[in-house]
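Given next are the chains, with one letter for each unit.
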Amino acid sequence: MEIFLLFISAIFVNNILLAQYLGNCPYLGCSKEKGVAIGMGAAVLFVTVLATVITFLFQKYVMVPFHLQYLQTIFFILVIAALVQFVEMFLKKMVPPLYKSLGIFLPLITTNCAVLGVAILVQRLEFDLVTATLYSIAASLGFLLAIVLMAGIRERFAVTRIPRSMQGVPSGLIMAGIMSLAFLAFKGMIA
Amino acid sequence: MIIESVVSLFGLGFVSASVLSVASKLLAVEEDPRLEVVVEALPGANCGGCGFAGCEAYAAAVINDPSTPPNKCCAGGPDVAKRIAELTGKAAGDADPMVAFRRCVKVEGKVAKKFDYFGIQSCAAAKLVQDGPDACKYSCLGFGDCVRACPFDAMWIEGDLVHISPEKCTSCGTCVRTCPNSILELIPRRSRVMVFCSSQDKGKAVKDVCEAGCISCGACIKKCPAQCITMVDERIHIDHKACLAYGPSCGEACVEKCPRDILRCLNPDMISAAPDTEPARYPDESHVADLQA
Ligand code: SF4
Ligand code: SF4
C-alpha cells in the first residue's frame, strides 16, 4: 500500500515537472511531437533510475564516511555527468538500436535538473535504497506522463491558428502553467 | 576543510576521467570514415526527399547498400550526385530533374464554395469536413499545408491557389506527400504537356462544379500517337518519359484536341516541326511559373 501511495504521489501529486518545477527545459524543448516526447521520457527514466542508485551508493559509502556531505550538489553533478557519458558509450557499443532511438537525448540529459533533483530528493527524504529506486521510477514516470500530455496538446497547436506573438514557446509556457494548475487538483488526494 | 574538498573533488574528477577514458577505449565503435565525408557532401537539409529519415541515414545507405543510387538527393541536385558517386565509387546516372506541379486551376473554373469554412486553417482539417469547402472535392483547398511543409520555401498561396517557384523547388516531394487532395505531382522539368486538373469525377459531375475541369472525354487519349496518355480513376495520366521519347513530331495533338483546354503545353517554344532527332531542349524554367500563375 505504501509503495502504491508513493507511486501515485510521485506521478500525480508531487509531479517532478508540474509540482516541483524541475526539468523544464526538456519539457518545453522536446514536446513538439509525441514520438520525440516519448523518447525523451524514456531516456530520462533510464538515466534517473541509474543515477539515483549510483549517487545513493556514493553518498552512503564515500561521502558519509569522509564527512563530505556539504559537497553533495557538486559531487552529484560530476557523478551524473560521468555516468551519462558512460551510458552513452556503453549503449553505442552494446545496444546500438536503443542508442539510435535515444540519440541526442542522452547527452541532453546530463544537464537535466530533474535527474539531479530526484537524486538529491531521495537523500533529503531519507529513503532506503529500494524505496529510493522505486521513487526514482515513479518520478520519471511522472515526467513521462507530463511531457507526453504536453506533446499531445502542442501537436494540436501545430494545426491551430495562434497569433504570431504567441506561437511556439509563449503558448507552450502558458500551457505548462495551466497544466500545473490542473495537476494541483490532485493535491488533496493524499492526505 | 578547504584541502579536503579540493582533494576530494580533484580525486573524483580524476577517477571519473580515468574510468571514462578506459571505457572509451574498451567501448570504441569503429565508424566508417567515409560516412562523415558523405554527410559533409550532402546539403544537410534533412528534407526526406531521398526517402530516408535524414541526410545521415541516406549517407549510411548509399555507402553500405550497393542498390542505393548516389543521385537520390534531390535537394543537392546533379552536383551533389556527382560528388557522392565519386566518394562511393558508384555510377552517377542521369536522372531527369523533376519539379513539383499543381494540377488545378479552380480560379479559371469559377469553382463555387459549398459552405463557409471557419475551422482549423489547414487543408487536412478542412478536407475532413465534407471533403472541403469547395464545390469540387479535388480542388486545391488553399490553406497551404504544402507551403508549410516545403523545406525550401518554394511555394506560396495566392488567390486561394498554391503556386510553386520552379527555381527554388528541388523536387524533394514533401509537398506531394502532404497534400490531402493529391493535386501535386512531380514531373520532369522538360515535360511537354501537363493536365491542369486532378478531378476523379465523371464528366457531368465536373461540368456541374467547374468551368475548366477535365471532363474525362478521352479525346486526348485517342489522339496521342505515342499512347502515353491513360486514364486512371477518371484522372488523366501522362507518361512523360514516353512523351519525351516520342518527340515533337506529334505536334502536341492531345493539346489541340482537348475541348476544355485543360491539357496545356508547358514549354511553348518547344512546339513541333523540329526533327525528331533534336534532343528535347531543356526549357528555361520560367515557363512553368508562368503557366501555373
Ligand atoms: S515545392 Fe514540393 S517538391 Fe518542391 S521543394 Fe517544395 S516541397 Fe519539395
Ligand atoms: S496543394 Fe494541397 S496541400 Fe497545398 S494548399 Fe492546395 S490542397 Fe492544400
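See above for the structure.
Residues numbered from 1 in each chain as written. Chains lettered and ligands numbered in written order. Predicted model: local features only at pLDDT ≥ 70, side-chain atom pairs only at ≥ 80, totals over all residues. Heavy atoms only, no water.

Draft legend 1. View of the overall build of chain B. Looking only at helices and strands, chain B features 12 helices and 8 strands. Considering chain B as a whole, with its 293 residues, one finds that 46% of them fall into the buried category. Considering only contacts in chain B between residues 6 or more positions apart, those separated by 24 or more positions represent 59%. (Helix = DSSP H or I, 4+ residues; strand = E, 2+ residues; numbered from the N terminus. Buried < 20%, exposed > 50% of the residue type's maximum accessible area, 1.4 Å probe, protein only. Contact = heavy atoms within 4.5 Å.)

Draft legend 2. Structural context of the overall build of chain A. If you tally the helices and strands in chain A, you get 9 helices and 0 strands. For chain A, the proportion of its 191 residues judged to be buried stands at 44%. For chain A, contacts bridging at least 24 residues in sequence account for 76% of all contacts bridging at least 6. Approximately 9,700 Å² of chain A is accessible, and the part contributed by carbon and sulfur atoms is 72%. (Areas by Shrake-Rupley, 256 points an atom, 1.4 Å probe, with all protein chains shown as cover.)

Draft legend 3. Molecular detail of the site of ligand 1. In the neighbourhood of ligand 1, the contacting residues comprise B:Ala100, B:Cys150, B:Pro151, B:Phe152, B:Met155, B:Cys169, B:Thr170, B:Ser171, B:Cys172, B:Gly173, B:Thr174 and B:Cys175. Partitioning the shell around ligand 1 into residue classes produces 8 nonpolar, 4 polar and no charged. (Near = heavy atom within 4 Å. Nonpolar A, V, L, I, M, F, W, Y, C, P; charged D, E, K, R; others polar.)

Draft legend 4. View of the packing of aromatic side chains. Taken as a whole and judged by the stated rule, the model has 8 aromatic pairs over all chains. Between the aromatic rings of A:Phe86 and A:Phe90, the centroid separation amounts to 6.4 Å while the plane-to-plane angle is 20°, which identifies the pairing as stacked. Pair noted here: A:Phe86 and A:Phe90 are both in helix α4 (residues 72-94), with a separation of 4 residues, about one helical turn. Residue A:Phe90 is classed as partly exposed on the basis of its relative accessible area of 37%. When the centroid spacing of 5.5 Å and the interplanar angle of 40° are considered together, the rings of B:Phe52 and B:Tyr58 count as tilted. Three or more aromatic residues joined by ring pairs make a cluster, and in this case those are A:Phe12, A:Phe183 and A:Phe186. (Phe/Tyr/Trp six-rings, centres within 6.5 Å; stacked < 30°, edge-to-face > 60°.)

Draft legend 5. Examining the interface of chain A and chain B more closely. Counting residues at the interface gives 20 residues for chain A and 18 residues for chain B. Buried area between chain A and chain B, summed over both chains or domains, comes out near 1,600 Å², and the portion from carbon and sulfur atoms is 78%. It is A:Tyr70, A:Met89 and A:Lys93 that lose the most area in chain A upon contact with chain B, and together they represent 28% of the buried surface on that side. Along the contact surface separating chain A from chain B lie 0 salt bridges. Linking chain A to chain B there are 0 residue pairs in polar contact (both at pLDDT 80 or more). (Buried area = accessible area lost by both parts, 1.4 Å probe. Salt bridge = Lys/Arg side-chain N within 4 Å of Asp/Glu carboxyl O. Polar contact = N/O pair within 3.5 Å; in protein donor to acceptor, adjacent residues only side chain to side chain.)

Draft legend 6. Inspection of the site of ligand 2 at higher detail. Taken together, 14 residues sit near ligand 2, with B:Cys123, B:Cys140, B:Leu141, B:Cys146 and B:Cys179 positioned nearest. Taken together, the residues of the shell around ligand 2 break down into 11 nonpolar, 2 polar and 1 charged.

Draft legend 7. Unusual backbone geometry, seen in detail. A positive phi angle, close to 55°, is found at A:His67, a residue other than glycine. Structurally, A:His67 can be placed in the loop between α3 (34-63) and α4. Unlike most non-glycine residues, B:Lys110 shows phi in positive territory, near 50°. Positionally, B:Lys110 belongs in the loop between β1 (98-102) and α5 (123-128). For B:Lys110, a relative accessible area of 60% translates into the label exposed.

Draft legend 8. Just the pairing of strand β6 (residues 229-232) of chain B, in detail. All names here are of chain B. Taken together, the 4 bridges between β6 and strand β7 (residues 235-238) define a ladder with antiparallel strand orientation. Paired with Ile-229 across the bridge in β7 is Ile-238. In this antiparallel pair of consecutive strands, β6 and β7, the connection spans 2 residues, and Asp-233 shows a positive phi of 50°. (Pairing = 2+ DSSP bridges.)

Draft legend 9. Main features of the packing of helix α7 (residues 113-124) of chain A against helix α8 (residues 129-158) of chain A. All names here are of chain A. The N-to-C vectors of α7 and α8 enclose an angle of 140°; their axes lie 10 Å apart at closest approach. One finds that α7 runs oblique with respect to α8. Remark: the crossing between α7 and α8 carries right-handed chirality. Mapping the contact onto sequence places Val-118, Leu-121 and Val-122 in α7 and Ala-132, Tyr-135, Ser-136 and Ala-139 in α8. Residues of the contact of α7 with α8, tallied by class, amount to 6 nonpolar, 1 polar and no charged. (Axes fitted to C-alpha atoms, helices over the stretch in contact; angles between N-to-C directions. Parallel < 35°, antiparallel > 145°, perpendicular 65-115°, else oblique. Left-handed = near helix turned anticlockwise from the far one by under 90°.)

Draft legend 10. Geometry of the nonpolar core. The biggest cluster of nonpolar side chains holds 54 residues, and the ones touching the most others in it are A:Tyr27, A:Met40, A:Phe75 and A:Tyr135. When neighbours within four sequence positions are excluded, A:Tyr135 is seen to be in contact with A:Leu6, A:Ala10, A:Gln20, A:Val118, A:Leu121, A:Val122 and A:Phe127. Within the second largest apolar cluster, 44 residues are counted, among which are B:Val105, B:Cys136, B:Cys179 and B:Ile236. (Core = buried A, V, L, I, M, F, W, Y, C linked by side-chain atoms within 4.5 Å.)

Draft legend 11. Here's a closer look at a nonpolar patch on the surface. A contiguous nonpolar patch, built from A:Phe86, A:Phe90, A:Met94, A:Val95, A:Leu98, B:Val15 and B:Val19 and spanning about 550 Å² of accessible area, is present on the exposed surface. Breaking the nonpolar patch down by element, the ones donating at least two residues are α4 of chain A together with α1 (2-26) of chain B. Considering each element in turn, the nonpolar patch owes the most residues, 3 residues, to α4(A). Along the chain, A:Val95 turns up in the loop between α4 and α5 (96-102). (Patch = residues over 30% accessible without salt bridge, like charges linked within 9 Å, V, L, I, M, F, W, Y side chains within 5 Å.)

Draft legend 12. Inspection of the packing of α3(A) against α7(A) at higher detail. All names here are of chain A. Closest axis-to-axis distance for the α3/α7 pair is 9 Å, and the angle between their directions is 40°. One element, α3, and the other, α7, form an angle in the oblique class. Remark: the crossing between α3 and α7 carries right-handed chirality. When α3 is examined against α7, the residues Val-47, Thr-48, Ala-51, Thr-52, Thr-55, Phe-56 and Gln-59 are found in contact with a partner set consisting of Val-115, Val-118, Ala-119, Val-122 and Gln-123. Classifying every residue of the contact of α3 with α7 by side-chain character gives 7 nonpolar, 5 polar and no charged.

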